[in-house]
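# Residue-level structure breakdown
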Amino acid sequence: MALMLIVAICYSGGRISAKSIIPTIILLAILIFAILTIATNFNSKNFIVFYQLKFDVLPMLFLIAVLIILSKQSLQDLETLCISVAKMMFFLGGLNAIAIILQQLFPDSFMGLLGLSAGEWGSDSGVRLNSTEGNIRAIGFQLAFTMSGVLMFFCLVVSFEARKLFAGKRWPLFFSPLFMIAIICTTYKTAILAALVYLLTKVIEFLFRKTSGIIVFFMGLVIFSMFCYSTHSYDVYEIVRKYNENAAYNSIYLRVWEHLKILSDLDSTGKILFGAGLGLNGTFGLDKSLYGIQAIPIDSAYIYMVSNYGFVGFFTYLALMVYLQFKLYKIKRFDIFGARYFVFFTLTIELFYNLGLGNFPNNILLILFVAIPFVLHRKSLDEQRTHNSADTEHLSY
């Protein structure tokens, strides 16, 4: 990512896009926060801070590089790039969808191929297989079912939204049922709910064209409130466990326990504002017990931000995402891939329950899909100003 940024800066002749100013400020803020964290408590455990930074710094570097590179492209070049990205999503997404469906249909053959059993980590392959109620949670060509579930949701949205790139032709819609079936085969409830909410949103936008924005806003507010409450209280868990105890425990109880445990560790004003400690929690990847740290899992974007950056970091993240949501709806004519729906998904459905967008390649795709509308909008405005200036000069003669 760092190399890509250097190449992007060289490619642009050292000129930085105005759109990259905010991401650059955020990147510098993260780095300054990390330096202060290390400086205030310098010891051997600081390695986990550097390990943590790769999850936050690298995506920001990628975003800055993308904005710089895209800003140097013409509108025609950007259109060609978007068509190529859409075709890539259909081709690679289609292959991944077929793999997911086959893995669900023939689970024993697939596990035998990997030499793994359900719930095991593959020491050589780095792949984890999970099962729920006796069914495999298919991973496709990704490392986990959560990654594949979110990727298939992205592909589903692109199959609807990117038709404008192909002159409104219907053939991209033929992929939609394939991606929907693949989402269901992953058994990833977050992705399934996201797909249903997306389809409901499209129906609302079709039936209530003038007021759809207000309806979708309040629908998102309701989902946000419900999910926030269900992950901070055991009330919803007690209701759901009467119908499906296993699903209630894995999906709700563990989230509530993790959230309340980490929140209880914020026992000072400093920790409430700036977090329990950068990299202190989280059990994916690095074994922090080697450093004498009993890390708590952080399985949602909300508790990830609160644990690492405190409520200052969380509300900053929330404000930025809300800004992106409203801005993308404002310039939705340029939102070729449906980035506004991905941000809506991140803000409402995934915020309190999962951290799927922290995984490759979904985080990279989200960054690309969000960056493109802003660059296209800026290019369109610049082109319009050029035409207006040319017309004015012509009239003056």
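Described below are features of the structure shown in this document. In this text, all values refer to a predicted model and were calculated from it rather than measured experimentally. (Residues numbered from 1 in each chain as written. Predicted model: local features only at pLDDT ≥ 70, side-chain atom pairs only at ≥ 80, totals over all residues. Heavy atoms only, no water.)

### What to know about the overall build of the protein
Assigned secondary structure in the protein consists of 15 helices and 2 strands. Counting the 397 residues in the protein, one finds 48% classified as buried. Counting only contacts in the protein whose residues sit at least 6 apart along the sequence, the fraction spanning at least 24 positions is 73%. Surface summary for the protein: the accessible area is close to 20300 Å², and the carbon and sulfur share equals 67%. (Helix = DSSP H or I, 4+ residues; strand = E, 2+ residues; numbered from the N terminus. Buried < 20%, exposed > 50% of the residue type's maximum accessible area, 1.4 Å probe, protein only. Contact = heavy atoms within 4.5 Å. Areas by Shrake-Rupley, 256 points an atom, 1.4 Å probe, with all protein chains shown as cover.)

### Topic: the pattern of salt bridges
The final tally for this structure, using the stated rule, is 8 salt bridges. Between R340 and E161 there is a salt bridge, with its nearest N and O atoms 3.9 Å apart. You can see R340 sitting in helix α14 (residues 339-347) and its partner E161 sitting in helix α6 (residues 145-161), a full 179 residues away along the chain. Like R340, the residue E161 is buried in the burial classification. (Salt bridge = Lys/Arg side-chain N within 4 Å of Asp/Glu carboxyl O.)

### Details of the packing of helix α8 (residues 189-207) against α14
Where α8 meets α14, the closest approach of the two axes is 11 Å, and the angle between their N-to-C directions is 130°. Here α8 lies oblique to α14, going by the angle between them. As α8 runs across α14, the sense of the crossing is right-handed. Counted together, T190, A194, V197, Y198, T201, K202 and E205 of α8 and Y341, F344 and F345 of α14 form the full contact between these two elements. (Axes fitted to C-alpha atoms, helices over the stretch in contact; angles between N-to-C directions. Parallel < 35°, antiparallel > 145°, perpendicular 65-115°, else oblique. Left-handed = near helix turned anticlockwise from the far one by under 90°.)

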